[in-house]
Amino acid sequence: MCGRYVNVAASSDLVDEFDVEETVGDDPGPSWNVAPTDPVRVILQRQPRHAEATGAGAVRQLRTVRWGLVPSWSRDSKGGARMINARIETVTEKPAFKAAAARRRCLVPALGYYEWQKADGGKVPYFLHDPDGQLLAMAGLYELWRDQALADDDPNRWLWSCTIITQQATDLLGEIHDRNPVVVPPELRAEWLDCSSDDVDAAARLLGRIPEARLEPYVVSSAVGNVNNNGPELIEPAPAPAEQQRLEL
């Protein structure tokens, strides 16, 4: 799974990187320890407000949403914390994700993400990132949920939320954890964001074309396990467990 990640890119950099035409929502600011239910930046493509009246087409947006998908049919928003990830094997089949896979795909930008490897005496945190330091564009879905307890003119009546799609990890990544995020390469980003066909089978075919991510892991401090810790020191390399034992002798 992907349960923590890093996004410290400025909004202006995300606008340039993803050719964004419209920015919506408050900037949550940089975070070295993004956790479930946090506000996060995503890139999506949809018609702007009042588009039907103006005849405007879909535009690429940089938008702030909550991490943890809340399906539109949910009775409340409490289940979102459990839907931070969607499995690639079932994302086009499960009711919670099927409609979004066809109509509401997004990209979740990240410098990298954290994963924990099981080891004797506990778990070892790793930071996984692009070897060249490039921004990752994790495949995501977004949803809109209407809070029926709020008035029609309440600006918070609609909750925007997202999830990150994961796949079976292989090679070195699989030795750390059995799942990793699906990372959309630059040449497939436009297709991923284009939901004009409203076709869940097209989404499944597109997911099948996305290659496995080429990521580089290294051990980081256990401080990342506390969501209250948030700073650049969290992604600094730390001694591996065996090396730490040698240092303590």
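Look up a bit, the structure's there.
Residues numbered from 1 in each chain as written. Predicted model: local features only at pLDDT ≥ 70, side-chain atom pairs only at ≥ 80, totals over all residues. Heavy atoms only, no water.

1. Considerations on the pattern of salt bridges
Scanning all chains against the criterion turns up 9 salt bridges. For Arg 214, the salt bridge goes to Asp 132, with nearest N and O atoms at 3.7 Å. Of this pair, Arg 214 sits in the loop between helix H6 (200-209) and strand E13 (216-219) while Asp 132 sits in the loop between strand E9 (122-129) and strand E10 (136-146), and the two are 82 residues apart along the sequence. Here Arg 214 matches Asp 132 in class, with each residue exposed. Residue Glu 191 is joined to Arg 209 by a salt bridge in which the shortest nitrogen-to-oxygen separation is 2.9 Å. You can see Glu 191 sitting in helix H5 (residues 189-193) and its partner Arg 209 sitting in helix H6, a full 18 residues away along the chain. It is possible to trace a salt-bridge network through shared partners that takes in Arg 87, Glu 89 and Arg 179. (Salt bridge = Lys/Arg side-chain N within 4 Å of Asp/Glu carboxyl O. Helix = DSSP H or I, 4+ residues; strand = E, 2+ residues; numbered from the N terminus. Buried < 20%, exposed > 50% of the residue type's maximum accessible area, 1.4 Å probe, protein only.)

2. Quick word on H6
Within an α-helix, residues lying three or four positions from one another point in the same direction, as the helix has 3.6 residues per turn. Regarding H6, the residues found buried are Val 200, Ala 203, Leu 206 and Leu 207. All buried residues of H6 project into a common sector of 115° when viewed along the axis, lining one side. Those residues of H6 that are exposed and aimed more than 90 degrees away from the buried face are Arg 205 and Gly 208. Buried residues in H6 make contact with helix H3 (98-103), strand E7 (105-110), strand E11 (158-168) and H5. (Arc of directions from axis to C-beta. Contact = heavy atoms within 4.5 Å.)

3. A few points about a negative patch on the surface
Taken together, the side chains of Asp 13, Asp 16, Asp 19 and Glu 21 present a region of like negative charge at the surface. Tracing the backbone through its elements, the reader meets Asp 16 in helix H1 (residues 11-17). (Patch = residues over 30% accessible without salt bridge, like charges linked within 9 Å, V, L, I, M, F, W, Y side chains within 5 Å. Areas by Shrake-Rupley, 256 points an atom, 1.4 Å probe, with all protein chains shown as cover. Lys, Arg positive; Asp, Glu negative; His and termini not counted. Charge placed at Lys NZ, Arg CZ, Asp CG, Glu CD.)

4. A few points about the sheet that holds strand E1 (residues 4-7)
Across the sheet, which stays open at both edges, the 5 strands sit in the order E3-E1-E8-E9-E13 with antiparallel pairing between neighbours. Looking along the sheet, the strands with just one partner apiece sit at the ends: strand E3 (31-34) and E13. Adjacent strand axes in the sheet meet at a mean angle of 30° when their direction is disregarded. In this sheet, strand E8 (residues 112-119) lies alongside E1 in antiparallel orientation, the contact comprising 3 bridges. Bridge pairing in E8 links Val 6 to Gly 112. (Pairing = 2+ DSSP bridges. Axes fitted to C-alpha atoms, helices over the stretch in contact; angles between N-to-C directions.)

5. What about the pairing of E9?
Burial analysis of E9 places 6 of its 8 residues in the buried class, the great majority of the element. Where E8 meets E9, 8 bridges bridge the pair, whose relative direction is antiparallel. Its bridge partner being in E9, Tyr 114 is matched across the sheet by Phe 127. Linking E8 to E9, which pair antiparallel, is a turn of 2 residues; within it Gly 121 sits at a positive phi near 90°.

6. Observations regarding the environment of Pro 39
Residue placement: Pro 39 occurs in strand E4 (residues 39-46). Sequence spacing of Pro 39 and Ala 81 is 42 residues, and the spatial spacing of their C-alpha atoms is 12 Å. Apart from the residues within four sequence positions on either side, Pro 39 is in contact with Pro 28, Thr 64, Val 65 and Arg 66.

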